[in-house]
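What follows is the residue order along each chain.
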Amino acid sequence: MNIDIPEGKNPIGYVWGEMVPGIGPAAAAFSQKVYSDTTLGLREFEAARLRIAQINGCIFCQDWRTERDGATVEPEFAQAVTDWRTTGLFDDRTRLAAEYAERYAIDHHGLDEEFWERMSAHYSQAEIVELSMCLGSWLAFGRLNHVLGLDTQCVLPGS
């Protein structure tokens, strides 16, 4: 870890709560809302989330699988996310979610008119905004946890 954690303290609780009490709990609440209040389907949600996790290198996020009503994505889903361009496991929305996640994280200046036409053909304006906010949360907080060395200690806020 790249942050000194006092003996007996939970690393995530300490960094996200005690170290920066004006920011950390608000960030944790936003992070939790991404999971609890999303209207996106599980497959597109997980495709976007996993692609960000792969790019960030966040160990916990790559191993985590979102569960909804007892359902999760299939075991081969993570590899399909890596292979989002060619996998046969994705419909158009899921493939676009993985593509958007990757481009949001590493080529946001390259999001051209052709991309937005494809997105708008499969996602409503509200869904695009929601997915963008989810991507921002995962990119920022997953990267924060990885950079600080917390990703091996991580649990989702509220878990």
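Residues numbered from 1 in each chain as written. Predicted model: local features only at pLDDT ≥ 70, side-chain atom pairs only at ≥ 80, totals over all residues. Heavy atoms only, no water.

### Description of the pattern of salt bridges
Opposite charge on two side chains allows them to pair when their charged atoms are near. One pass over the full model with this rule turns up 12 salt bridges. Note that E99 and R118 form a salt bridge whose closest N and O atoms lie 2.7 Å from each other. With E99 in helix 6 (residues 92-106) and R118 in helix 7 (residues 113-122), the pair connects residues that are 19 residues apart, well separated along the chain. Its relative accessible area of 8% is what places E99 among the buried residues. In this structure, the salt-bridge partner of E114 is R118, at a minimum N-O distance of 2.5 Å. With E114 and R118 both in helix 7, this residue pair falls four residues apart, about one helical turn. Look at the salt bridges and you will find they share partners, linking E99, R103, D112, E114 and R118 into a network. (Salt bridge = Lys/Arg side-chain N within 4 Å of Asp/Glu carboxyl O. Helix = DSSP H or I, 4+ residues; strand = E, 2+ residues; numbered from the N terminus. Buried < 20%, exposed > 50% of the residue type's maximum accessible area, 1.4 Å probe, protein only.)

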